[in-house]
Amino acid sequence: MFTGIIEETGVVRSITGGAGGYDIGIRACKVLQGTSAGDSIAVNGVCLTVTSLDGSGFNAQIMPETLRRSSLGELGPGSEVNLERAMRADGRFGGHIVSGHVDACGKVVSIVPEGIARTVEISVPDDTLKYIAAKGSVAIDGASLTVTWAGRSSFKVSLIPHTVEATTLKALRTGNKVNVEVDPIALYVERLLSYNNNNNDRKITMEFLYENGF
């Protein structure tokens, strides 16, 4: 599990493979501390398993499902990426619950300066947008952000200067593809509300939740 607080930006130093999967090497520093082969690191919001590491970076493998679901297939040598180690049990929870499992690729619709901030509008498929709510949380390329507005085909987030400078989001341009992960709590709530218990055929509804103190 991650929190969406980017620890550093790394640079892709090598990438080999094709549609069947990639081996990717990333130059990094901070995320190597306390990391061993088999540990998880989120790369642009995608949870990858470290297969090997040295003093200047680490390697991981990207399977076909990840290539289909995310923008990692567009990376190449020299690409900058957001990096975060898996959360420690005794760590500070600075962002929100981020699983590292991308729900959809979004597309940057617009970037508008607003005071010290940048408002970014991102379009996503309908089946993803339904989980995004104003003032809720969303992860964009692994960065935990607050949704400022949610419409019928897109949503907006606002980037403070620190987030811009500390992440790859500073390089966003209209038309760019980004990895989007919704708040997983929304997914679980939907599952609970739609689940039908086959034993007693009692469906969990809003009325059921109210009756039981929720």
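Calculation notes
- Residues numbered from 1 in each chain as written.
- Predicted model: local features only at pLDDT ≥ 70, side-chain atom pairs only at ≥ 80, totals over all residues.
- Heavy atoms only, no water.
- Pairing = 2+ DSSP bridges.
- Helix = DSSP H or I, 4+ residues; strand = E, 2+ residues; numbered from the N terminus.
- Axes fitted to C-alpha atoms, helices over the stretch in contact; angles between N-to-C directions.
- Salt bridge = Lys/Arg side-chain N within 4 Å of Asp/Glu carboxyl O.
- Buried < 20%, exposed > 50% of the residue type's maximum accessible area, 1.4 Å probe, protein only.

Draft legend 1. Quick look at the sheet that holds strand S3 (residues 40-43). An order of S1-S2-S5-S4-S3-S6 is seen for the 6 strands of this closed barrel, with the pairing classed as antiparallel. The average angle at which neighbouring strand axes cross in this sheet is 45°, direction not considered. As judged from the 4 bridges shared by S3 and strand S4 (residues 46-54), these two strands associate in the antiparallel manner. If you follow Ile 41 over to S4, its bridge partner there is Leu 48.

Draft legend 2. Highlighting the pattern of salt bridges. The final tally for this structure, using the stated rule, is 7 salt bridges. Residue Arg 13 pairs with Asp 54 through a salt bridge whose shortest N-O separation is 3.2 Å. Taken together, the positions of Arg 13 in strand S1 (residues 8-18) and Asp 54 in strand S4 put the pair 41 residues apart, joining distant regions of the chain. Judged by relative accessible area, Asp 54 falls into the partly exposed class, the value being 41%. Taking the shortest distance from any N to any O, the salt bridge between Glu 80 and Lys 170 comes out at 3.5 Å. Within this pair, whereas Glu 80 is found in strand S6 (residues 80-85), its partner Lys 170 is found in the loop between helix H3 (161-166) and strand S12 (177-182), the two being separated by 90 residues in sequence. For Glu 80, a relative accessible area of 34% puts it in the partly exposed group.

Draft legend 3. Quick look at the sheet that holds strand S7 (residues 104-114). Pairing within the closed barrel is antiparallel, and its 6 strands lie in the order S7-S8-S11-S10-S9-S12. Ignoring which end each strand starts from, the neighbouring axes of this sheet average 45° apart. Relative to strand S10 (residues 143-150), strand S9 (residues 137-140) runs antiparallel, the two being bridged by 4 bridges. Pairing of Ile 140 across the sheet is with Ala 143, part of S10.

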